[in-house]
Amino acid sequence: ILALALLFMFVAPAFYNVLIVINKQRHLILVSAASLVLNIGLNLILIPRYSYNGAASATVISEAFALVGLYVVARRHYEFRLEKTFLVRVLGATAAAVGVVALLSSESPWLSVTAGELTFGVAAFAFRAVTRADVKMVLERRVT
């Protein structure tokens, strides 16, 4: 279930970085706080009834809420074009990771999660959601 949150967690930084660049951190904090409140509320409702599956579902829902909220706020304050194929590429990487986690679900949770994360990274690169130029830019970035 948590593997589904990868999609939202991977895409959201694009929008919160937009908010930081245009000096709208207050909006970022408000969306994050609302997502946190939603997550806590859903956990209080879902965990007693559905245990760890409820907690995982609450995380997916609150991460989706955060992504939508960040997108709406960023779009309201800054005009940008969203490449539609990027979402398809990220969905492909997420599907690959979910598949690996599902295949390994009867194994160790550590193995399942680690394999899912590695699969997501490799698939994101294979589906061109992350490019060589992106990796090079991150690796060459100097910390000041």
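For clarity, every value in this text was computed on a predicted model and none was experimentally measured. (Residues numbered from 1 in each chain as written. Predicted model: local features only at pLDDT ≥ 70, side-chain atom pairs only at ≥ 80, totals over all residues. Heavy atoms only, no water.)

Engineer: Even after reading the chapter, I still don't get helix α4 (residues 109-126), so can you show me in this structure?
Structural biologist: It helps to recall that an α-helix has 3.6 residues per turn; residues three or four apart then point in one direction. A rise of 1.5 Å per residue sets the reference length of α4, with its 18 residues, at 26 Å; its end C-alpha atoms lie 25 Å apart and thus fit the reference within 8%. Among all positions of α4, only Ser 112, Ala 115, Gly 116, Thr 119, Phe 120, Ala 123 and Ala 124 are buried. One face of α4 carries all of its buried residues, which in axial projection span an arc of 165°. Exposed residues lying more than 90 degrees from the buried face of α4 are Trp 110, Leu 118 and Val 122. (Helix = DSSP H or I, 4+ residues; strand = E, 2+ residues; numbered from the N terminus. Expected span 1.5 Å × (residues − 1). Buried < 20%, exposed > 50% of the residue type's maximum accessible area, 1.4 Å probe, protein only. Arc of directions from axis to C-beta.)

Engineer: What's the story with unusual backbone geometry in this structure? I'm lost.
Structural biologist: Backbone geometry follows two general trends: most residues other than glycine have a negative phi, and most peptide bonds adopt the trans configuration. Phi angles above zero are rare outside glycine, and Ser 51 is one such case at about 60°. In this structure, Ser 51 sits in helix α2 (residues 25-77). Backbone geometry places Arg 128, a non-glycine residue, at a positive phi of 65°. Its place among the elements puts Arg 128 in the loop between α4 and α5 (132-140).

Engineer: What is the right way to look at the pattern of salt bridges in this model?
Structural biologist: Close approach of charged atoms lets side chains of opposite charge pair. On inspection of all chains with the given rule, the structure shows two salt bridges. Linking Glu 79 and Arg 75 is a salt bridge whose minimum nitrogen-to-oxygen distance equals 3.4 Å. Arg 89 is the salt-bridge partner of Glu 83, the closest N and O atoms lying 3.5 Å from each other. Judged by relative accessible area, Glu 83 falls into the partly exposed class, the value being 38%. (Salt bridge = Lys/Arg side-chain N within 4 Å of Asp/Glu carboxyl O.)

Engineer: How should I be thinking about the layout of surface pockets in this particular structure?
Structural biologist: It is a probe the size of a water molecule, rolled over the atoms, that shows where empty space is left. Taken as a whole, the largest pocket spans an internal volume of roughly 540 Å³. Every residue lining the largest pocket is counted, 19 residues in all, and those nearest its centre are Ile 1, Leu 2, Ala 3, Val 101 and Val 113. Among the elements of the structure, α1 (5-21), α2 and α4 are those that each provide at least two residues to the lining of the largest pocket. A total of five residues in the lining of the largest pocket trace back to one element, the largest contributor, which is α4. For the lining of the largest pocket, the residue count by class is 11 nonpolar, six polar and two charged. Of the voids in this model, the second largest pocket is the one considered here, and its volume is about 450 Å³. Every residue lining the second largest pocket is counted, 14 residues in all, and those nearest its centre are Val 11, Pro 13, Ala 14, Phe 15 and Phe 86. Residue contributions to the lining of the second largest pocket peak at seven residues, all from α1. In terms of residue class, the lining of the second largest pocket is built from 11 nonpolar, one polar and two charged. (1 Å grid on protein atoms, 1.4 Å probe; cavity = no way out; pocket = protein on both sides within 12 Å on 5 of 7 lines; lining within 4 Å. Points joined across faces, edges and corners; volume = space filled by probe spheres on them. Nonpolar A, V, L, I, M, F, W, Y, C, P; charged D, E, K, R; others polar.)

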